[in-house]
Amino acid sequence: MLRAGIVGLPNVGKSTLFNALVANAKAEAANFPFCTIEPNVGVASVPDERLEVLAQLSSSVKIVPTRIEFVDIAGLVKGASQGEGLGNQFLANIREVDAITHVVRCFDDDDIIHVSGSVDPVRDIEVINLELALADLSQVEKRIERARKQARTSKEAQAEVEVLEKVKIALDAGKSVRMLNLNETESELIKPLGLLTHKPIIYAANVSEDDLATGNEWVEAVRQVAAIENAQVVIVSAQVESELVELSEEERIDFLASLNVAEGGLKSLIKATYKLLGLRTYLTTGPTETRAWTIQAGMKAPQAAGVIHSDFERGFIRAETISYQDLVASGNTNNAKEKGLLRSEGKEYIVQEGDVILFRFNV
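Residues numbered from 1 in each chain as written. Predicted model: local features only at pLDDT ≥ 70, side-chain atom pairs only at ≥ 80, totals over all residues. Heavy atoms only, no water.

Examining the packing of aromatic side chains
Inspection of the entire model under this criterion finds 4 aromatic pairs. Relative to tryptophan 293, the ring of tyrosine 282 has its centre 6.5 Å away and its plane inclined at 20°; by these criteria the two rings are stacked. With tyrosine 282 in strand β8 (residues 279–285) and tryptophan 293 in strand β9 (residues 289–296), this residue pair connects regions lying 11 residues apart in the sequence. Judged by relative accessible area, tryptophan 293 falls into the buried class, the value being 11%. (Phe/Tyr/Trp six-rings, centres within 6.5 Å; stacked < 30°, edge-to-face > 60°. Helix = DSSP H or I, 4+ residues; strand = E, 2+ residues; numbered from the N terminus. Buried < 20%, exposed > 50% of the residue type's maximum accessible area, 1.4 Å probe, protein only.)

Some words on the sheet that holds strand β5 (residues 99–105)
In spatial order, the strands read β2-β4-β1-β5-β6-β7; together these 6 strands make up an open sheet with mixed pairing. The open sheet has two edge strands with one neighbour each: β2 (40–45) and β7 (232–236). Here the strands of the sheet are splayed against their neighbours by 25° on average, with no regard to which way each runs. Packed onto the sheet, helix α1 (residues 14–22) meets β1 (3–7), β2, β4 (67–72), β5 and β7 and runs at close to 45° relative to β2. Helix α7 (residues 217–228) contacts β5, β6 (201–206) and β7 of the sheet and is inclined by roughly 160° relative to β7. (Pairing = 2+ DSSP bridges. Axes fitted to C-alpha atoms, helices over the stretch in contact; angles between N-to-C directions. Contact = heavy atoms within 4.5 Å.)

Some words on unusual backbone geometry
Positive phi values are uncommon outside glycine, yet serine 59 reaches one of about 55°. Summarising the element assignment, serine 59 is placed in the loop between α2 (50–58) and β3 (62–64).

What to know about the nonpolar core
Counting 59 residues, the largest nonpolar core has Leu17, Leu21, Ile68, Phe70, Ile94 and Tyr203 as the members making the most contacts within it. In contact with phenylalanine 70, other than residues within four places in its own chain, are Ala4, Ile6, Phe18, Leu21, Asn40, Val41, Gly42, Ala44, Thr101, Ile270 and Thr273. Counting residues in hydrophobic clusters, the runner-up holds 18 residues, among them Ala147, Ala157, Val161 and Val163. (Core = buried A, V, L, I, M, F, W, Y, C linked by side-chain atoms within 4.5 Å.)

Structural notes on the packing of helix α4 (residues 121–150) against α7
Two numbers describe how α4 lies on α7: the axes approach to 9 Å, and their chain directions differ by 40°. Of the possible angle classes, the one that applies to α4 and α7 is oblique. Judged by residue contacts, Pro121, Val122 and Ile125 of α4 engage Trp218, Ala221, Val222 and Val225 from α7. (Parallel < 35°, antiparallel > 145°, perpendicular 65-115°, else oblique.)

Some details on helix α10 (residues 265–276)
Between its terminal C-alpha atoms α10 stretches 16 Å, which fits the 16 Å expected from 12 residues at 1.5 Å a residue. Listing the buried residues of α10 in full gives Gly265, Leu266, Leu269, Ile270, Ala272, Thr273 and Tyr274. (Expected span 1.5 Å × (residues − 1).)

Things to note about the confidence of the model for the protein chain
Considering every residue of the protein chain, the mean pLDDT works out to 85; 88% of them sit at 70 or more. Per-element confidence in the protein chain is highest for strand β10 (residues 316–323), whose mean pLDDT is 96, and lowest for helix α3 (residues 87–95), whose mean pLDDT is 64. This model gives residues 24–37 a pLDDT under 50, and the stretch forms 36 contacts once residues within four places in sequence are excluded. Here residues 83–87 scores under 50 on pLDDT; set against residues more than four positions off or in separate chains, the count is 9 contacts. (pLDDT = per-residue confidence, 0-100.)

Some remarks on the pattern of salt bridges
This structure, assessed with the given rule, holds 20 salt bridges. The partner of glutamate 69 in a salt bridge is arginine 3, and the shortest N-O contact between them spans 2.3 Å. A residue pair is termed long-range when its members are at least 10 positions apart, and glutamate 69 in strand β4 and arginine 3 in strand β1 qualify at 66 residues. The shortest N-O distance in the salt bridge between glutamate 165 and arginine 148 comes to 3.0 Å. Taken together, the residues span a long stretch of sequence, with glutamate 165 in helix α5 (residues 155–172) and arginine 148 in helix α4 at a distance of 17 residues. Glutamate 165 sits in the partly exposed class, given a relative accessible area of 33%. (Salt bridge = Lys/Arg side-chain N within 4 Å of Asp/Glu carboxyl O.)

Next comes the structure, spelled out in structure tokens:
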């Protein structure tokens, strides 16, 4: 299961957002810095409206969405890379995640303490990103020393040194590794370091209830920062999401409609995180269950089958495949067969987003 770490300064709404994300999580959300010490971990379902439609077509007993694990990491502060505010411990937690959700405070409230004394999302982003870059720089400098020694006898080490020196220049200039647009080979060479600024990132602009539909000038400032490093911005309201958790589905729809939004920011955030990691979803459906399966973009049919069970990959024969849109338009699999829309795909087939598949395999 992929993991996304929720980071940010203290008191920006991380734990409140986390609780809403995982619904049943019990992360402590309090009005003082470092109320989160050990990272809280919870699982959130990836919203997918296609599952309900397929389940109705197949009369499925249950629906199983794909999931993302979110990790609520304690608030970072200036000096975290030197251990301030238990920074070393918190930075280590971030190294273990696949993507970063950076929560940025974009609301004003005199009753909620800001660690820097005022609301300034651009400054807050710079504080966090600088600490992540300094932590990466320290790690890269140590690794360069060892890699240079190995480079005397290893071509791979020589290539690693070249990438590390390029990374060091960027970090020295206060840039994230993401901004370098390293190619696949270069990224693989530095992957073992788990560099914090190399991880894909989404900025979650946490706004008040009144600004959820339109954003505000602080959100626009965050977007300008994100555009420089090709990062995404999602508008959320942690307070609204915490209220939505307590409501029925019908009440949620009415509440969101009163705020002039179609869906909560969390749905957008989960979907954006999923896409950020280059993931795709294929679907299986039948009387027992309708289910979403997560694969990497470009994965071929046997490997996609292996996500269900290794036996499916080893004994792969073919994948009976139809697009979600074609299946829904046909009404059922039999009608799709008659129309020639159900395809038999072999080992070289690259599974597409929204494919509905039945795998045939030898035991």
